[in-house]
Amino acid sequence: MTAAADRSPDTAAGLDEYTEADVHQEFGENPNEVRDTNHYHEEYIKGFVDKWDDYIGWEGRAASEGSFFIDQLSARGVEKVLDVATGTGFNSVQLLKAGFETVSADGSAEMLAKAFENGRQHGHVLRVVQADWRWLNRDVHGEYDAIICLGNSFTHLFNERDRRKALAEFYAMLKHDGVLILDQRNYDEILDHGFSSKHKYFYCGDTVTAEPEYIDDGLARFRYTFHDDGSVYHLNMFPLRKDYVRRLMREVGFQKIDTYGDFQESYGTESPDFWIHVAEKT
Ligand code: SAM
């Protein structure tokens, strides 16, 4: 066994357990040309998934979200929730803590494994299902009072057909009076005012810097730099405009759509970083 003093910092951090494929995202020669709905599988690789909680920071996120989602669900008498973008499990765990019957789905097996582990650490056994939104009804069973798709996840869909398909699948899995809660980054602000606005650094804590590296009408490419080990990862996302998402939801059949800015009902004058759409079926 290697004595602790003999281990290099990388070894001590466990980085030697990673293969090249765990830490190297494949974007090819022209990363800005990668605009593919299926590419999230190549982006959420093990190294990045293991760092994801450093980025979202469970405590800080719990503080900023407050009881917003729980209040929205409770006000509608929701009991059964499907989290379709579980990621590392933050929202699923909050829902379980609050007593909701929760199923945790995601298209990434890597993410679900991490979510399950995180659930255990918080004293819960997550019911996880690997499912891509475009074929949700094939892989997830039952009907739900609510579906949540949070953490700027819908942005991974790169063409309108996929967005319509995913929303239709969400709609079909909801009970007749069900609700979909879906959030998104405020891309209108970046598209209309560029990087030089106050939003240049979207999250710049002690440990992580997340910043846009490239943007046009069809791509928002973000770079995530982790200061503890210098690792760098990227996400290629589609910059969704707020009113476009609201229109798609309406066209798919949702009857009432309320959009909140940064968990506040009135947007105020400052432009929020996130929009949260609460879409009701009836
Ligand atoms: N909700 C989590 C959070 O807030 O930390 C995760 C957010 S992460 C930005 C986006 C998640 O959406 C990833 O876990 C990814 O695997 C999932 N995802 C992206 N596209 C998907 C698709 N087409 N079907 C299912 N899951 C998808």
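Residues numbered from 1 in each chain as written. Predicted model: local features only at pLDDT ≥ 70, side-chain atom pairs only at ≥ 80, totals over all residues. Heavy atoms only, no water.

1. Re the pattern of salt bridges
Two side chains carrying opposite charge are able to pair once their charged atoms lie near each other. Under the defined criterion, the tally for this structure stands at 25 salt bridges. Residue Lys 165 pairs with Glu 169 through a salt bridge whose shortest N-O separation is 2.8 Å. Taken as a pair, Lys 165 and Glu 169 lie in helix 10 (residues 160-173) at a separation of 4 residues, close to a single helical turn. Of the residues examined, Glu 169 reaches a relative accessible area of 12% and is grouped as buried. For Lys 242, the salt bridge identified is with Asp 243, shortest N-O distance 4.0 Å. Each of the salt bridges in this network shares a partner with another, and the network as a whole consists of Lys 46, Asp 50, Lys 114 and Glu 117. (Salt bridge = Lys/Arg side-chain N within 4 Å of Asp/Glu carboxyl O. Helix = DSSP H or I, 4+ residues; strand = E, 2+ residues; numbered from the N terminus. Buried < 20%, exposed > 50% of the residue type's maximum accessible area, 1.4 Å probe, protein only.)

2. Brief notes about the nonpolar core
The nonpolar side chains of a soluble globular protein tend to be buried with one another. Counting residues in each nonpolar core, the largest one holds 58 residues, and the members touching the most others are Leu 82, Phe 170 and Leu 180. Excluding its chain neighbours within four sequence positions, the residues that come into contact with Phe 170 are Val 84, Trp 133, Leu 136, Ile 147, Cys 149, Phe 154, Leu 180 and Leu 182. (Core = buried A, V, L, I, M, F, W, Y, C linked by side-chain atoms within 4.5 Å. Contact = heavy atoms within 4.5 Å.)

3. Thoughts on the packing of helix 10 against helix 12 (residues 242-252)
Here helix 10 crosses helix 12 at 55°, and the two axes come no closer than 10 Å. In terms of orientation, helix 10 and helix 12 fall into the oblique class. Like other packed secondary-structure pairs, helix 10 and helix 12 cross with a definite hand, here right-handed. For the pair formed by helix 10 and helix 12, the contact residues are Glu 160, Arg 163, Arg 164, Leu 167, Ala 168 and Tyr 171 on the first element and Tyr 244, Arg 247, Leu 248, Met 249, Glu 251 and Val 252 on the second. (Axes fitted to C-alpha atoms, helices over the stretch in contact; angles between N-to-C directions. Parallel < 35°, antiparallel > 145°, perpendicular 65-115°, else oblique. Left-handed = near helix turned anticlockwise from the far one by under 90°.)

4. Description of the packing of helix 5 (residues 58-65) against helix 7 (residues 90-97)
Packing of helix 5 against helix 7 brings their axes to within 11 Å, and their N-to-C directions diverge by 60°. Relative to helix 7, the crossing made by helix 5 is right-handed. Every residue of helix 7 that contacts helix 5 at Trp 58, Arg 61, Ala 62 and Glu 65 is listed here: Phe 90, Asn 91, Val 93 and Gln 94.

5. Remarks on the confidence of the model for the chain
Looking at the chain as a whole, its pLDDT mean stands at 90, while 88% of the residues score no less than 70. Here residues 1-13 is modelled with pLDDT under 50, and outside its nearest four sequence neighbours on either side it reaches 5 contacts, counting other chains as well. If you check the scores for this complex, the pTM reads 0.92 and the ipTM reads 0.99. (pLDDT = per-residue confidence, 0-100.)

6. Overview of the site of the ligand
Around the ligand, a shell composed of 21 residues is seen, among which Trp 52, Arg 61, Ala 85, Asp 106 and Leu 150 lie nearest. Contacts to the ligand include Trp 52, whose side-chain N or O atom sits 2.9 Å from an oxygen atom. Here Gly 107 contributes a backbone N or O atom positioned 3.1 Å from a nitrogen atom of the ligand. With the chains in place, 98% of the 600 Å² that the ligand exposes on its own is no longer accessible. For the shell around the ligand, the per-class residue count stands at 10 nonpolar, 8 polar and 3 charged. (Near = heavy atom within 4 Å. Polar contact = N/O pair within 3.5 Å; in protein donor to acceptor, adjacent residues only side chain to side chain. Areas by Shrake-Rupley, 256 points an atom, 1.4 Å probe, with all protein chains shown as cover. Nonpolar A, V, L, I, M, F, W, Y, C, P; charged D, E, K, R; others polar.)

7. Thoughts on the sheet that holds strand 4 (residues 144-149)
Taking strand neighbours across the sheet as the criterion, the 7 strands line up as 3-2-1-4-5-11-10 in an open arrangement whose pairing is mixed. If you trace the sheet from one side to the other, it starts and ends with strand 3 (127-130) and strand 10 (256-261), each paired once. Pairs of neighbouring strands in the sheet enclose a mean axial angle of 20°, with direction left out of account. Bridge analysis of strand 1 (residues 80-83) against strand 4 gives 3 bridges, and the strand direction is parallel. Bridging across to strand 4, Val 81 finds its partner in Ala 146. Of the strands in this sheet, strand 1, strand 4 and strand 5 (174-185) touch helix 10, which is tilted by about 140° from strand 5. (Pairing = 2+ DSSP bridges.)

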